[in-house]
Amino acid sequence: MRLENTVALINGELINSPFINNFTNIILEAKAVRRGDLFIAFEEETIEEAIFNGAYGVIFDKPTQITDSEIAWIKVQNIEDALVRLLRFELLNKEITVYSCDEIVLKLALQVVTEPTFIALRGDIKSVFKSLAHIEEHYTVLFSPTLTTPDIFTQIKEMPKNSHSSINIIEQTLFETSFIYDDVFYERQLISPFFMPYLERLLSLFKKLKINFRLRKFTPIDHFEAVFTNKNFEIKEFGTSDKVLIFEKNSSLIEDEILFLHKHSTWAKSIYILPNAMKKNLSKELLETADIFFYHSKEEIKKVLKTNIFHFALVAGVDKSILDKPLIRQTQLTLDF
């Protein structure tokens, strides 16, 4: 890429008058720089190594000392924005297909084994750049706008809608599902029936695009996440207690999750602990029928849990990191309130 085109593309400012006018590759790691490359300097201390390895240019957004006037020094307002612009340009003429989905579909896709021509995209802009900078023609990319900026792409397709139910649920609890898909039986998968519609959307996409895939054991995806405890709030192994804290950080899912618990746990006492800001977004019917508590602080969450009897407590707006001791593995730990 020519120097003047690069500067214009990223809205940069060329600080000096270098001898070079072209770059070979865009590189994010100093140790990977080769002669002729353009280095993206997220950390100032990596610049000298990049120059030593042959960088022809440096893009930076923090006060930086110019140590080699022969190469190009390009200052930008925001280095992540500059990288997004460079990646968008790199992808502009690539024949790839990009689909947008919600974050649950994306997180499920990350747990499915697929052929290399399908990329489920997640991570910071550096990770995304590494995944896409050298993408080959005719690849398919799936991303979620809530996790990755859509500004990277010029053409985005919506996920196809399901024409019919393709998953046959054989047995279910609130947090596990046994099901059949394409004549294959998946027994006691650690995925709630709540997520089955999302999984169906993903599998419908694979079928439409004729993408080969293999389902493996699912693991928690940071939504509707169950933590089993006893009455003293000691963390127990999965499925070994009738008192469960369910964490959901995404407030947009809460109403559906409340309705799901209402429908599938009629035998149980369920309470719902929600941020005060959510009160205005809930339906009047739900406010009148569900046992809902609103909080302003994490201390109020703990107080509600301590002073109420329940089987299930759906805690919204936070994740399990509010526990005083990190839940590293599901063994006997203590929850200090």
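Structure's up top.
About the thresholds
Residues numbered from 1 in each chain as written. Predicted model: local features only at pLDDT ≥ 70, side-chain atom pairs only at ≥ 80, totals over all residues. Heavy atoms only, no water. Helix = DSSP H or I, 4+ residues; strand = E, 2+ residues; numbered from the N terminus. Polar contact = N/O pair within 3.5 Å; in protein donor to acceptor, adjacent residues only side chain to side chain. Contact = heavy atoms within 4.5 Å. Expected span 1.5 Å × (residues − 1). Buried < 20%, exposed > 50% of the residue type's maximum accessible area, 1.4 Å probe, protein only. Salt bridge = Lys/Arg side-chain N within 4 Å of Asp/Glu carboxyl O. Pairing = 2+ DSSP bridges. Axes fitted to C-alpha atoms, helices over the stretch in contact; angles between N-to-C directions. Right-handed = clockwise from strand over helix to strand, strands pointing away. Phe/Tyr/Trp six-rings, centres within 6.5 Å; stacked < 30°, edge-to-face > 60°. Core = buried A, V, L, I, M, F, W, Y, C linked by side-chain atoms within 4.5 Å.

Colleague: Looking at this structure, how should I read the side chain of Asn16?
Modeller: Structurally, the position occupied by Asn16 is in the loop between strand S1 (13-14) and strand S2 (26-27). In this structure the side chain of Asn16 is engaged in a polar contact, spanning 2.8 Å, whose partner is the backbone oxygen of Ile71. Here Trp73 takes part through its backbone nitrogen, which lies 3.1 Å from a polar atom of the side chain of Asn16. For Asn16, the contacting residues outside a window of four places in its chain are Ser69, Ile71, Ala72 and Trp73.

Colleague: Just checking my understanding: could you explain helix H3 (residues 79-91) for this structure?
Modeller: Along an α-helix, a turn takes 3.6 residues, which lines up residues three or four apart on a common side. In a regular helix each residue adds 1.5 Å, so 13 residues correspond to 18 Å; H3 covers 18 Å between its end C-alpha atoms and thus fits that length. Within the span of H3, buried status applies to Ile79, Ala82, Leu83, Val84, Leu86, Leu87 and Leu91. In this structure, the buried side of H3 is in contact with helix H1 (3-9), S2, strand S3 (38-40), strand S4 (57-60) and helix H5 (125-132). Where H3 begins, the side chain of Asn78 points an oxygen toward the backbone nitrogen of Glu80, at a separation of 3.0 Å.

Colleague: How should I be thinking about the pattern of salt bridges in this particular structure?
Modeller: One side chain can pair with another of opposite charge once the charged atoms of both are near each other. For the structure shown, the criterion picks out 13 salt bridges. Measuring nitrogen to oxygen at the nearest pair gives 3.3 Å for the salt bridge that ties Asp61 to Lys62. What makes Lys62 partly exposed here is its relative accessible area of 43%.

Colleague: For this particular structure, what's the right way to read the sheet that holds strand S12 (residues 177-181)?
Modeller: Across a sheet, paired strands are connected by hydrogen bonds in the backbone, their directions being either parallel or antiparallel. Spatially, S11-S12-S13 is the arrangement adopted by the three strands of the open sheet, whose pairing is antiparallel. Strand pairing shows two members of the sheet lacking a second neighbour, strand S11 (168-172) and strand S13 (184-189), which therefore form its edges. Taken over all neighbouring pairs, the strand axes of this sheet differ in orientation by 15° on average, direction set aside. Sheet topology places S11 next to S12; four bridges connect them, and they run antiparallel. Paired with Asn168 across the strands is Ile180, a residue of S12. Lying over the sheet, helix H6 (residues 196-209) contacts S11 and S12, oriented at roughly 25° with respect to S12.

Colleague: Got a minute to help me understand the pairing of S4 in this structure?
Modeller: Consecutive side chains of a regular strand alternate in pointing toward one face of the sheet and then the other. Of the two faces of S4, both are covered, the one formed by Gly57 and Ile59 as well as the one formed by Val58 and Phe60. Across three bridges, S3 lies against S4 in parallel orientation. Bridge pairing in S4 links Phe39 to Val58. The β-α-β motif built from S3, the intervening helix H2 (residues 47-52) and the parallel element S4 has right-handed crossover chirality. Taken together, the four bridges between S4 and strand S5 (residues 72-75) define a ladder with parallel strand orientation. Looking at the pairing, Ile59 lines up with Ile74 of S5.

Colleague: How should the packing of aromatic side chains be read in this particular structure?
Modeller: Each aromatic ring pair is characterised by the separation of its centres together with the angle its planes make. Taken as a whole and judged by the stated rule, the model has 17 aromatic pairs. Summarising the aromatic geometry, the rings of Phe175 and Phe224 are spaced 5.8 Å apart at their centres and angled 40° between planes, so their arrangement reads as tilted. One end of the pair, Phe175, is in the loop between S11 and S12; the other, Phe224, is in the loop between strand S14 (213-215) and strand S15 (225-229), with 49 residues separating them in the sequence. Exposure class is identical for Phe175 and Phe224. Each is buried. Here the aromatic rings of Phe194 and Phe224 are separated by 5.7 Å at their centres, their planes lie at 25°, and the arrangement is stacked. In this pair, Phe194 sits in the loop between S13 and H6 while Phe224 sits in the loop between S14 and S15, placing the two residues 30 residues apart along the sequence.

Colleague: Is there a simple way to think about the nonpolar core in this case?
Modeller: Nonpolar side chains in soluble globular proteins tend to end up buried together. Leu108, Leu142, Phe175, Leu199, Leu202 and Leu274 are the most contacted members of the largest nonpolar core, which has 52 residues in total. Mapped onto this core, the elements with two or more residues apiece are helix H4 (103-109), S12, H6, S15, strand S17 (243-248), helix H7 (254-264), strand S18 (270-275) and strand S20 (312-316). Sorting elements by how many residues they give to this core places H6 first, with seven residues. The contact partners of Phe175, leaving out residues within four places of it in the chain, are Gln189, Leu190, Ile191, Ser192, Pro193, Phe224, Ala226, Phe228, Phe238, Val244, Ile246 and Phe312. Membership of the second largest hydrophobic core comes to 36 residues, among which are Ile74, Ile79, Val98 and Phe129.

Colleague: Help me out: how do you make sense of H6 in this one?
Modeller: The end-to-end C-alpha separation of H6 is 20 Å, in line with the 20 Å expected for 14 residues at 1.5 Å each. Within H6, the full set of buried residues consists of Met196, Tyr198, Leu199, Glu200, Leu202, Leu203, Ser204, Leu205 and Phe206. Within two residues after H6, Lys210 carries a phi angle of roughly 55°, on the positive side.

Colleague: Help me understand unusual backbone geometry in this model?
Modeller: A negative phi angle characterises most non-glycine residues, just as the trans form characterises most peptide bonds. The backbone of Asp182 sits at a positive phi, close to 50°, despite the residue not being glycine. Positive phi, normally seen in glycine, also occurs at Arg188, with a value near 45°.

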